[in-house]
Amino acid sequence: LFTLLLCLMLSGCGSDNSPDTTEHPDATEYQMGNTNSNLSQGGYITASGEWIYRLEILDEKELGAQLVKTKKDGSEKTVLAEDFPVAIQVLDEWIYYVRMGTASEDPDAYGIFRIKTDGSSRSRVGEDMAVAMTVADDWILYKRVRMIDGTQKVDLVRCRLDGSDKEVISEEYFFDFQISGDRVIYNATADNGTLLYSMAI
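Residues numbered from 1 in each chain as written. Predicted model: local features only at pLDDT ≥ 70, side-chain atom pairs only at ≥ 80, totals over all residues. Heavy atoms only, no water.

The next subject is the sheet that holds strand β13 (residues 174-180). As summarised here, the arrangement of the three strands in space is β13-β14-β15, forming an open sheet in which the pairing is antiparallel. Each of the sheet's edge strands pairs with one partner strand only, and the pair in question is β13 and β15 (193-200). Put simply, the sheet's adjacent strands are angled 20° from each other on average, direction ignored. Here five bridges tie β13 to strand β14 (residues 183-190), and the two strands are oriented antiparallel to one another. Looking across to β14, one finds that glutamine 178 is bridged to isoleucine 185. (Pairing = 2+ DSSP bridges. Helix = DSSP H or I, 4+ residues; strand = E, 2+ residues; numbered from the N terminus. Axes fitted to C-alpha atoms, helices over the stretch in contact; angles between N-to-C directions.)

Now for the pattern of salt bridges. On inspection of all chains with the given rule, the structure shows 14 salt bridges. Among the salt bridges present, the one from glutamate 50 reaches lysine 71, with a minimum N-O distance of 3.8 Å. You can see glutamate 50 sitting in the loop between β1 (45-48) and β2 (51-57) and its partner lysine 71 sitting in strand β3 (residues 65-71), a full 21 residues away along the chain. We classify glutamate 50 as partly exposed; its relative accessible area is 48%. (Salt bridge = Lys/Arg side-chain N within 4 Å of Asp/Glu carboxyl O. Buried < 20%, exposed > 50% of the residue type's maximum accessible area, 1.4 Å probe, protein only.)

With antiparallel pairing, four strands are arranged side by side in an open sheet as β5-β6-β7-β8. Pairing within the sheet leaves two strands with one partner each, and these edge strands are β5 (84-91) and β8 (123-126). Sheet twist, expressed as the mean angle between neighbouring strand axes with direction ignored, is 30°. In this sheet, strand β7 (residues 111-116) lies alongside strand β6 (residues 94-100) in antiparallel orientation, the contact comprising six bridges. The residue of β7 that forms the bridge with tryptophan 94 is lysine 116.

We now examine the side chain of aspartate 83. Checked against the element boundaries, aspartate 83 lands in the loop between β4 (78-81) and β5. Residue classification places aspartate 83 among the buried residues on the basis of a relative accessible area of 4%. Once residues within four sequence positions are removed from consideration, aspartate 83 is found in contact with Ala65, Gln66, Leu67, Tyr97, Arg99 and Arg122. (Contact = heavy atoms within 4.5 Å.)

Counting through the fold element by element, glutamate 56 comes out in strand β2. Look at glutamate 56 and you get buried, because its relative accessible area is 14%. Only 2.6 Å separates the side chain of glutamate 56 from the side chain of glutamine 66, close enough to count as a polar contact. A polar contact of 2.7 Å, which involves the side chain of glutamate 56, links it to the side chain of lysine 77. Residues within four places of glutamate 56 in sequence aside, it is in contact with Ala65, Gln66, Val68 and Lys77. (Polar contact = N/O pair within 3.5 Å; in protein donor to acceptor, adjacent residues only side chain to side chain.)

Note that every value here comes from positions in space, so none of it alone points to a role or purpose.
See the structure below:
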């Protein structure tokens, strides 16, 4: 009996009855400007075509940095913006990033910015303090942090690539989020602990 059960277990492990992981035929795969794993590490670098776009630290300046692009072999370095960029993402001809800095530098110390890959048309498309940001197709999704009556408020916000149509899509206190297909996945606090949520972008 033991031998029979062992054979059945082994044959089950080797069978082809694994869960179906194919995408639903109607599912949309959103085009992203960087990968989830890279963004979770800060998004200090990304690649598009033959170019690399990255943060370069300037040792001679306090909190000094700049956004640069180089060929993949490190040649043809070009400074695109004298910012401290994180969550760097490239979609089509635009680079999107969150600018970090100090309030004493200028009124644009924080926010979501975009600039063309040739270094032109730099503009701020979002004034919120974004501590995480992802570009997916026509949308920018980001984690907004703000203080309300001395209490830290965190919510999940989305807007169009030019900053228009801004709306809060979750007011739950959440920790991280990422894009999977055409959905946003995030973990938020609840009365019975931390729960994982999924909703359409």
